[in-house]
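A look at the structure
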Amino acid sequence: MKTLMIKRLLVIIAMITAFMLHGCEKWVEGGMTEVDPDTTATTEVNVLDFESAATTDHEMIQLAINYAYDNGIASVFVPAGMYEIDAAGVNGDRGIGLKDGITLRLDPAAVLKAIPNAANHYSIVRVWDVSRVKVTGGTILGERNEHTGTTGEYGMGIDIRNSDSVTVQDVLIKYCWGDGIYVSGETVGCRDVLIDNVTCDSNRRQGISVENIDGFVLRNSVLSNTIGTAPQSGIDIEPYLSTQSVRNVLITGTSFLKNRGKGLTIFAAYGEVSDVRVENCIADSNYNAGIQLNSGAPMPGEKNLQRVSISNVTITNTVQDGLFIRTSANIDVDSTRVLDSGLRGIWVVNSSDIALDSFTVRNTAKEAREGVVVISDSERIAASRGIIDVGYATPDVFTLIGSDSLTFSSLSVSGGATGLDGKNLTNVLVSDVDFSAQAGDGVRLDSVYHSVFEDSHFEGIGKTPVYLHNGADNEFTGNSFIGNCHASNDTYSVLQLSGSSNGNTISNNSIQQGSHTNKAKYGIWLMPTTSSNTVSSNTIANDAYVVSAILDEGSGNVVN
């Protein structure tokens, strides 16, 4: 009975409101109205018009949405003020539910506030199984600081599932028990979701989670201060079922700030993520990584994460790693800066077809365990037109392990302990690279094969500019060396081969002394057990060594 009376009262209120707003309308038989052809139909309803028909703020807003939907009205307006929302669904539906074609327009000073609860799951605004909807303006406020439970992680600000053509714009979302915005669907997923000029701040699990969608745009937004329960990222793109996938993503003009996990993370262990563009973004003061691309651990040989481009992105002040790429393929990183990372600046693991172009890495690896740029168990990795300026004497600059087909060209590598430390590598090309001011060695190689080091410059290297141990069929040609081996006089050589190194060629290199007082012991040193190496057409200045220009202690080496 009460429900029926409320419905009748709603009809009366709606008719009176319509009459007052549109005085040019006229009554017709049956109590309905007929709009004159030259008048404008109602395009928006105000939630306060439904206040007397509701017992709660939640009910009032939902009644307004239902009325707008039933009457073909496109927009529902929420004026300035605080509105309490039963996000946990204690007394009915969970959160405010949008319907097809509806815009929920909040005044900039309007706040939808979740009522404190103990639920593992809640939704302040629910966008389920609908299309062509918008949420604009105002604040969505969670209750993490008043939450009465201790478990769960799925209290969402705006919960989008199995929906298409959804826009969230000009909204502030804070203090949710789980995510600021959640985009998912177990089977169908979402399509064409736009998040524009949105701030997700101080949410407990994620700023935004994206699990199942084709067509996602995040632009001009801020995702910050996520902390409470893992993963704690600004945005986490992560299908969690094999039936889910994320495709065709654009993230642009967005800042990821002070998140306890990663600024931006893509984790594709369970479902495919592909065709993602990240442009003109900033990741600052995040903890685990500024940006992480990770397929997790799929079946051997599979890489669920493919075709990602990162362009004009700045990653600064990360406590651990700046840019982390793992088990991924076809990743292009262009015009990206990684500054002041605590551990690694760029870390590539078990990945293929990765291109780093026009990049800068500075003042990283303050607490390095491996190196500033670390590449391991990967293939077809190219780094070009980059500047790596370490700023510290302890970490190695490049650490390369167990990889094939690596290309380094047109790079400036300054500072650090060793410029390039490589082990168990094949088919490496180092061309037109400027190594300078390493405290230890310039290039230090162990078990490296079929590789070329050409047309590069080594200056101010403290110990040995080029050291090869147990390597075969490599070429060192056209390189210039000046002012190296200065850490200790009469101790190091400019180029040195040791162990079972064989079949290598050292040719057309130039070695000069420079301004340091300390000199190399030898220009080129072929140590005992080396064999069948060729040394020819090198220019070694007489003042660049203490003992001899070339010392051959091996067997079967050809020295000209």
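Residues numbered from 1 in each chain as written. Predicted model: local features only at pLDDT ≥ 70, side-chain atom pairs only at ≥ 80, totals over all residues. Heavy atoms only, no water.

Right, let's get into the overall build of the chain. Counting its secondary structure elements, the chain contains 2 helices and 53 strands. Taken over C-alpha atoms, the radius of gyration comes to 32 Å for the chain, far larger than the 24 Å a tight globule of 560 residues would show. Each principal axis of the C-alpha distribution contributes one length, and for the chain these read about 110 × 40 × 35 Å. A buried classification covers 55% of the 560 residues belonging to the chain. Sequence separation of at least 24 residues holds for 69% of the intrachain contacts in the chain that already meet a minimum separation of 6. Charged side chains of the chain number 38 positive and 64 negative; the gap between the two group centres comes to 4 Å. (Helix = DSSP H or I, 4+ residues; strand = E, 2+ residues; numbered from the N terminus. Rg over C-alpha atoms; globule rule 2.2 N^0.38 Å. Buried < 20%, exposed > 50% of the residue type's maximum accessible area, 1.4 Å probe, protein only. Contact = heavy atoms within 4.5 Å. Lys, Arg positive; Asp, Glu negative; His and termini not counted. Charge placed at Lys NZ, Arg CZ, Asp CG, Glu CD.)

Negative charge collects at one region of the surface, where Asp-432, Asp-434, Asp-455 and Glu-459 lie side by side. Within the secondary structure, Asp-455 sits in the loop between strand E41 (452-454) and strand E42 (457-459). Assessed through its relative accessible area of 45%, Asp-455 is described here as partly exposed. (Patch = residues over 30% accessible without salt bridge, like charges linked within 9 Å, V, L, I, M, F, W, Y side chains within 5 Å. Areas by Shrake-Rupley, 256 points an atom, 1.4 Å probe, with all protein chains shown as cover. Salt bridge = Lys/Arg side-chain N within 4 Å of Asp/Glu carboxyl O.)

Time to look at the pattern of salt bridges. Overall, the coordinates contain 18 salt bridges when judged by the stated rule. Salt-bridge contacts for Glu-272 lead to Arg-247; the nearest nitrogen and oxygen are separated by 3.9 Å. Of this pair, Glu-272 sits in strand E25 (residues 272-279) while Arg-247 sits in strand E22 (residues 245-252), and the two are 25 residues apart along the sequence. Residue Glu-272 is classed as partly exposed on the basis of its relative accessible area, which comes to 32%. Of the charged contacts, one joins Arg-362 and Asp-389 as a salt bridge, the two residues approaching to 3.9 Å between their closest N and O atoms.

All right, on to helix H2 (residues 57-70) then. If you check H2, its first and last C-alpha atoms are 20 Å apart, about what 14 residues at 1.5 Å a residue would give, namely 20 Å. Every buried residue of H2 is listed here: His-58, Met-60, Ile-61, Gln-62, Leu-63, Ala-64, Ile-65 and Ala-68. The positive-phi residue at the C-terminal boundary of H2 is Gly-72, with phi of around 65°. (Expected span 1.5 Å × (residues − 1).)

Looking now at the nonpolar core. Among the nonpolar cores identified, the biggest contains 132 residues, and Leu-112, Ile-181, Phe-216, Ile-235 and Phe-408 are the most heavily contacted of them. Take this core: its biggest share by element is 7 residues, from strand E38 (residues 396-414). Ignoring anything within four residues of it in the chain, the contact list for Ile-235 reads Ile-208, Val-210, Phe-216, Leu-218, Leu-223, Ile-251, Phe-256, Gly-263, Leu-264 and Thr-265. (Core = buried A, V, L, I, M, F, W, Y, C linked by side-chain atoms within 4.5 Å.)

Right, let's get into unusual backbone geometry. A cis amide bond links Ala-230 to the next residue, Pro-231, at an omega of 10°. Note on placement: Pro-231 falls in the loop between strand E20 (222-224) and strand E21 (233-237). Residues other than glycine seldom take positive phi values, yet Asn-248 does so here, at roughly 60°. A positive phi angle, near 60°, is found at Cys-485, a position not held by glycine. Assignment of secondary structure puts Cys-485 in the loop between strand E45 (480-482) and strand E46 (493-498).

All told, the structure shown has 8 aromatic pairs when counted by the stated rule. Their ring planes at 15° and their centres at 4.4 Å tell us that Phe-324 and Trp-347 sit as a pair that is stacked. With a gap of 23 residues between them, Phe-324 in strand E30 (residues 321-326) and Trp-347 in strand E33 (residues 346-349) connect regions that are remote in the sequence. With relative accessibility at 8%, the residue Phe-324 sits in the buried group. Put simply, the rings of Phe-435, Phe-458 and Phe-481 touch in pairs and so form one group of aromatic residues. A cation over a ring is seen here: Arg-204 above Trp-177, with NZ or CZ 3.7 Å from the ring centre. (Phe/Tyr/Trp six-rings, centres within 6.5 Å; stacked < 30°, edge-to-face > 60°. Lys NZ or Arg CZ within 6 Å of the ring centre and 35° of its normal.)

Two strands pair when backbone bridges link them, and E25 and strand E28 (residues 305-311) are joined in this way by 6 bridges, in the parallel orientation. Of the residues in E28, the one forming a bridge with Glu-279 is Ser-311. Pairing of E28 with strand E31 (residues 328-334) involves 6 bridges; the strand directions are parallel. Across the sheet, Val-308 pairs through a bridge with Ile-331, a residue of E31. (Pairing = 2+ DSSP bridges.)

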